[in-house]
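Okay, here's what each chain looks like letter by letter:
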Amino acid sequence: MRAPASLAVLAAAAACGGSERTGAGGLCAFPPPVPARATTYAGPSAGACMLPAGLSLYAAVSPAVYAGSAGCGTCLEVTGPAATATVKITDLCPECATNQLDLSTDAWNAVTGSAPAGVANVGWRRVPCDEPGPVRFVAGAGANPWFVLVVVQDHRYPIAAVEVLPAGAPAWLPLARDAANQWARSAGGAGYPTPLHFRAMDAFGRVTTTTVPMAALEAGAVATAPQLDVCG
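Residues numbered from 1 in each chain as written. Predicted model: local features only at pLDDT ≥ 70, side-chain atom pairs only at ≥ 80, totals over all residues. Heavy atoms only, no water.

Novice: Go over the overall build of the chain with me, naming the residues and quoting the values.
Specialist: When you go through the chain residue by residue, the secondary structure sums to 3 helices and 15 strands. For the chain, the residues scored as buried account for 45% of the 232 residues in total. Taking the intrachain contacts of the chain between residues at least 6 apart in sequence as the baseline, contacts between residues at least 24 apart amount to 69%. Here the chain has roughly 10100 Å² of accessible surface; of this, 59% comes from carbon and sulfur atoms. (Helix = DSSP H or I, 4+ residues; strand = E, 2+ residues; numbered from the N terminus. Buried < 20%, exposed > 50% of the residue type's maximum accessible area, 1.4 Å probe, protein only. Contact = heavy atoms within 4.5 Å. Areas by Shrake-Rupley, 256 points an atom, 1.4 Å probe, with all protein chains shown as cover.)

Next comes the structure, spelled out in structure tokens:
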């Protein structure tokens, strides 16, 4: 997988617009709602996106919406026959049609009024996640002094790029995202000196940088950055 370009380059590209950006005023804007069908499943929230277990309102999405894991952590406002609920993308549904959602049990019950499991007509749109912060960079099970491996959690908007700054390094280093929503980079023989700082750019070109670095490259280690404000 190709590593992402520097955040400065990506931020410049973001300023030029795109399907999830507006040019006027630089305000964040997601695409309009789409009609879809929803089903339900009983899997945990700790799915293909490597996000924490224990969430109640979440969804698995089609390969097109999962987008190689770029959709992970995105929040969707889902309107069903009974009500509207906000769910987080946490998993991949390989067999789902393009806009189909496979909802957690609690999400299904919320939007259908606890209808029997089956198929429901819904509409959904991307929305900011209601996350107060901070944004967390959590080291994965394969992290070690020679290998950076982190999952970005608790972000308000989709994450487009991540970089790491080892202690004493002269420049930020881009990380590559894998299909499991993990951002990775190998150090080679010397390893990565700690503490490590991280910075992430969201889908609208806005950047947040850790104020609490990662003290050691080991599974479960955490670094934190300020939450980006709701834009618009």
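Novice: Pulling in residues and values, what's your account of helix α3 (residues 105–112)?
Specialist: All buried positions along α3 are accounted for by A107, W108, V111 and T112. Angularly, the buried residues of α3 cover 110 degrees about the axis, an arc narrow enough to put them on a single face. Those residues of α3 hidden inside the fold are in contact with β1 (34–40), β2 (58–61), β3 (75–79), β4 (84–92), β5 (101–103) and β6 (120–127). Taken from the residues just after α3, G113 is the one with a positive phi, measuring 70 degrees. (Arc of directions from axis to C-beta.)

Novice: Describe the sheet that holds β2, listing the residues and the values that go with them.
Specialist: Reading around the barrel, the 6 strands line up as β1-β5-β2-β4-β3-β6 and close back on themselves, with mixed pairing between neighbours. Looking at each pair of strands side by side, their axes are set apart by 45 degrees on average, direction ignored. Of the strand pairs in this sheet, β2 and β5 are connected by 3 bridges, and their pairing is antiparallel. Bridged to A60 within β5 is D102. (Pairing = 2+ DSSP bridges. Axes fitted to C-alpha atoms, helices over the stretch in contact; angles between N-to-C directions.)

Novice: How would you summarise the state of the cysteines if you had to cite specific residues and measurements?
Specialist: Applying the stated rule across the entire model yields 3 disulfides. The disulfide partner of C49 is C72, and the gap between their sulfur atoms is 2.0 Å. Disulfide C49-C72: the torsion about the S-S bond is -80 degrees, which places it as left-handed. Pair noted here: C49 is in the loop between β1 and β2 and C72 is in the loop between α2 (63–66) and β3, with a separation of 23 residues, a long-range link. Across this residue pair, the class does not change: C49 and C72 are buried. The disulfide partner of C75 is C129, and the gap between their sulfur atoms is 2.1 Å. The sign of the 110 degrees torsion about the S-S bond sets the C75-C129 disulfide as right-handed. Pair noted here: C75 is in strand β3 and C129 is in the loop between β6 and β7 (135–139), with a separation of 54 residues, a long-range link. We note that C75, like C129, is buried. (Disulfide = S-S within 2.5 Å.)

Novice: Please set out the packing of aromatic side chains residue by residue, giving values where relevant.
Specialist: Tallying each qualifying case throughout the model produces 5 aromatic pairs. Judged by centre distance (5.3 Å) and plane angle (70 degrees), the rings of F30 and F204 are edge-to-face. With F30 in the loop between α1 (7–14) and β1 and F204 in the loop between β13 (197–202) and β14 (207–209), this residue pair connects regions lying 174 residues apart in the sequence. With a centroid separation of 5.3 Å and 90 degrees between ring planes, the pair formed by Y157 and F204 is classed as edge-to-face. Linking Y157 in the loop between β8 (147–153) and β9 (159–165) with F204 in the loop between β13 and β14, this pair joins segments that are 47 residues apart in sequence. On the basis of relative accessibility, which here comes to 3%, the residue Y157 falls in the buried class. (Phe/Tyr/Trp six-rings, centres within 6.5 Å; stacked < 30°, edge-to-face > 60°.)

It is worth stressing that arrangement in space is one thing and function is another; only the former is reported here.
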